[in-house]
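# Topology and contacts: notes
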Amino acid sequence: MLTQGYPPSVQTIGYFVPVEEWERYQNGQHKGFSRYLIAQKGRTLSTEEFADFKHYVHSKNGNIPDHTKLASLLESRGQASLGIVDETSDSISIGTVVKLTEPALKRDLQTAAINVALQIKGESLSLYVYDGVKDTNDTDRVKELAKRWVQCIRKQNSK
């Protein structure tokens, strides 16, 4: 459901949630996931196109418009850009904190999202890391999670 807003050209290759929350979901006690990672593959960019993309992200200070359709079960109540939160020669990461409302559950939540564009083995990947936060100052954990995930992907693809 959370990936349905992406264009058809994007292939979701992984969706990861905490084990205990997945077990609750499987037992019919689903109340949403507090943290999740999404890996997607889109159109592969050349080295030059990726450099141009990074230049574009810098020109916008990491404030890139979201062209996806937010899942219909959530209503956005505003967001704050974190800008560029990390960059390496083969990646760039931007972040945002979004205040959301789940009308069905009548609850508000704040989520930090880090989007990592990663070039690896000739492929272009988009990695999304979502985690609940208290406010825009509570983002260190999600930033660290994004860095660890990129390191794991690099390690697995170095073989």
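Reading the values: the criteria
Residues numbered from 1 in each chain as written. Predicted model: local features only at pLDDT ≥ 70, side-chain atom pairs only at ≥ 80, totals over all residues. Heavy atoms only, no water. pLDDT = per-residue confidence, 0-100. Helix = DSSP H or I, 4+ residues; strand = E, 2+ residues; numbered from the N terminus. Contact = heavy atoms within 4.5 Å. Core = buried A, V, L, I, M, F, W, Y, C linked by side-chain atoms within 4.5 Å. Buried < 20%, exposed > 50% of the residue type's maximum accessible area, 1.4 Å probe, protein only. Polar contact = N/O pair within 3.5 Å; in protein donor to acceptor, adjacent residues only side chain to side chain. Phe/Tyr/Trp six-rings, centres within 6.5 Å; stacked < 30°, edge-to-face > 60°.

A few words on the confidence of the model for the protein. Averaged over all residues, the pLDDT of the protein equals 84, while 84% of them reach at least 70. Least confident of the elements in the protein is strand 3 (residues 75-88), whose mean pLDDT is 81; most confident is helix 2 (residues 47-59), at 94. Counting contacts from residues 71-75, a segment whose pLDDT is below 50, to residues more than four positions away or on other chains yields 17 contacts.

Bringing the nonpolar core into the picture now. Of all hydrophobic cores here, the largest spans 18 residues; its most connected members are Val116, Leu118, Leu127, Val129, Trp149 and Ile153. Of all elements in the fold, only strand 2 (35-41), strand 5 (107-120), strand 6 (123-132) and helix 3 (140-156) reach the threshold of two or more residues within this core. Here the element with the most residues in this core is helix 3; it accounts for six residues. Contact partners of isoleucine 153, with chain neighbours within four places excluded, come to Leu118, Ile120, Leu125 and Leu127. The next biggest cluster of nonpolar side chains, apart from the first, holds eight residues, and it includes Tyr6, Tyr36, Ile38 and Tyr130.

Here the focus is the side chain of aspartate 131. When you line up the elements, aspartate 131 lands in strand 6. A distance of 2.7 Å separates the side chain of aspartate 131 from the side chain of arginine 141, its partner in a polar contact. Beyond its immediate stretch of four places on either side in the chain, aspartate 131 contacts Ser34, Arg35, Gln110, Thr111, Ala112, Arg141 and Val142.

Glancing now at the packing of aromatic side chains. Using the criterion set out here, one finds six aromatic pairs in the structure. Between phenylalanine 16 and tryptophan 149, the ring centres sit 6.1 Å apart and the planes meet at 80°, which makes this aromatic pair edge-to-face. With phenylalanine 16 in strand 1 (residues 11-16) and tryptophan 149 in helix 3, this pair connects stretches of sequence that are 133 residues apart. For phenylalanine 16, a relative accessible area of 44% gives the class partly exposed. A ring pair is formed by tryptophan 22 and tyrosine 25, whose centres lie 5.0 Å apart and whose planes are at 25°; its orientation type is stacked. Here tryptophan 22 and its partner tyrosine 25 are both found in helix 1 (residues 19-26), three residues apart, which amounts to about one turn of the helix. Relative accessible area serves as the criterion here: at 38%, tryptophan 22 is assigned to the partly exposed category. Exposure remark for tyrosine 25: the relative accessible area of 39% places this residue in the partly exposed category.

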